[in-house]
Amino acid sequence: TLVDNAPGSPHVIALSGTGLAPAVSMSPAFLVFDHQVVETTSTPQTVFLTNSGNAPLNILGIEATRDFAQTNNCPGSLAPGGQCAISVSFAPTAAGSQTGALVVTHNPTGESFTVPLSGMATDFALSASPDSATISAGETATYSIIVSPIAGFTGAVSLACGGAPNVANCSV
């Protein structure tokens, strides 16, 4: 509205416009990894990053935290309507429930979008009875080995002999 001393004052001028902004969405909203044996890597799961806005989405960084890792095909700038894939895998270092996050940092302000990650890491423990023994040449020894599951471990365990002195026999 323009107010002046001319006839017809105030003068009204209609204005209109369309704001431009990216709109970030990630699907699925969270990832859960099933039982994974410690020190092994899971099959990757995919999260799709979509820009449903009307301006480019500037991607400053993509990171998976803790025992999770990511690879992606995302460009530095995702066009309006564009989508890219982020593959996330779980490689636990300890048994038990594990959590982490997939964090995408975007646009000049460094805003971030987070997808929660969780997984169950399983393992097993070995114990022997007796713990050790000294065996003289020509003698034999028998050990009982107990394999105990940790955090829901259900996998197979293979045992083999190794480290015995020359000409010694060992069988499992």
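Residues numbered from 1 in each chain as written. Predicted model: local features only at pLDDT ≥ 70, side-chain atom pairs only at ≥ 80, totals over all residues. Heavy atoms only, no water.

Colleague: Honestly, the overall build of the chain in this entry has me stumped. Any pointers?
Modeller: Helix and strand counts for the chain stand at zero helices and ten strands. Scanning the chain from its N terminus toward the C terminus, one meets helices and strands in the order β-β-β-β-β-β-β-β-β-β. On C-alpha atoms alone, the chain measures out to a radius of gyration of 30 Å, which is more than a quarter above the 16 Å that the 2.2 N^0.38 rule sets for 172 residues. With respect to the principal axes defined by its C-alpha atoms, the chain has extents near 120 × 25 × 20 Å. The buried share of the chain, reckoned over its 172 residues, is 24%. When contacts within the chain are restricted to residue pairs at least 6 apart in sequence, long-range pairs at least 24 apart make up 59% of them. (Helix = DSSP H or I, 4+ residues; strand = E, 2+ residues; numbered from the N terminus. Rg over C-alpha atoms; globule rule 2.2 N^0.38 Å. Buried < 20%, exposed > 50% of the residue type's maximum accessible area, 1.4 Å probe, protein only. Contact = heavy atoms within 4.5 Å.)

Colleague: Explain the nonpolar core to me, please; I cannot follow it from the model alone.
Modeller: Of all hydrophobic cores here, the largest spans 22 residues; its most connected members are Met26, Leu49, Ile59, Ile86, Val88 and Leu102. At the level of elements, β2 (31–37), β3 (45–51), β4 (57–64), β7 (83–90), β8 (96–106) and β9 (111–129) are the ones that each hand at least two residues to this core. With residues near it in sequence (within four places) discarded, isoleucine 59 still touches Leu49, Cys74, Pro75, Gly76, Leu78, Val104, Thr105 and His106. (Core = buried A, V, L, I, M, F, W, Y, C linked by side-chain atoms within 4.5 Å.)

Colleague: Where do I start with the state of the cysteines in this structure?
Modeller: One covalent bond between the sulfur atoms of two cysteine residues makes up a disulfide. Applying the stated rule across the entire model yields two disulfides. Disulfide partner of cysteine 74: cysteine 84, at an S-S distance of 2.0 Å. Given an S-S torsion of about 85 degrees, the disulfide between cysteine 74 and cysteine 84 has right-handed geometry. Of this pair, cysteine 74 sits in the loop between β5 (68–72) and β6 (77–78) while cysteine 84 sits in strand β7, and the two are ten residues apart along the sequence. According to the relative accessible area criterion, cysteine 74 is buried, its value standing at 15%. (Disulfide = S-S within 2.5 Å.)

Colleague: Where do I start with a nonpolar patch on the surface in this structure?
Modeller: Taken together, the side chains of Leu126, Tyr143, Ile145, Val147, Leu159 and Val172 make up a nonpolar region of the molecular surface, amounting to roughly 550 Å² of accessible area. Examined against the element boundaries, leucine 126 turns out to sit in strand β9. (Patch = residues over 30% accessible without salt bridge, like charges linked within 9 Å, V, L, I, M, F, W, Y side chains within 5 Å. Areas by Shrake-Rupley, 256 points an atom, 1.4 Å probe, with all protein chains shown as cover. Salt bridge = Lys/Arg side-chain N within 4 Å of Asp/Glu carboxyl O.)

Colleague: Mind showing me how you'd approach the layout of surface pockets here?
Modeller: The gaps of empty space that remain are located by a probe, the size of a water molecule, rolled over the atoms. Considering only enclosed or pocket space, the largest pocket measures out at about 740 Å³ in volume. For the largest pocket, the lining is made up of 21 residues, of which Ala141, Tyr143, Cys161, Asn169 and Cys170 are closest to its centre. The residue inventory of the lining of the largest pocket, partitioned by class, reads 15 nonpolar, five polar and one charged. (1 Å grid on protein atoms, 1.4 Å probe; cavity = no way out; pocket = protein on both sides within 12 Å on 5 of 7 lines; lining within 4 Å. Points joined across faces, edges and corners; volume = space filled by probe spheres on them. Nonpolar A, V, L, I, M, F, W, Y, C, P; charged D, E, K, R; others polar.)

Colleague: I tried to follow the pairing of β4 on my own but got confused; where do I start?
Modeller: Two faces make up the sheet, and in a regular strand the side chains alternate between them. Relative to β6, β4 runs antiparallel, the two being bridged by two bridges. Bridge assignment links leucine 57 to a residue of β6, and that residue is leucine 78. In the sheet, β4 pairs with β8 via five bridges, with the strands oriented antiparallel. The residue of β8 that forms the bridge with isoleucine 62 is valine 104. (Pairing = 2+ DSSP bridges.)

Colleague: Is there a simple way to think about the side chain of glutamine 36 in this case?
Modeller: Among the structural elements, glutamine 36 can be located in strand β2. The exposure class of glutamine 36 is buried, given its relative accessible area of 14%. Once residues within four sequence positions are removed from consideration, glutamine 36 is found in contact with Thr41, Ser42, Phe90, Pro92, Met120, Ala121 and Thr122.

Read these as geometric descriptors, not functional statements.
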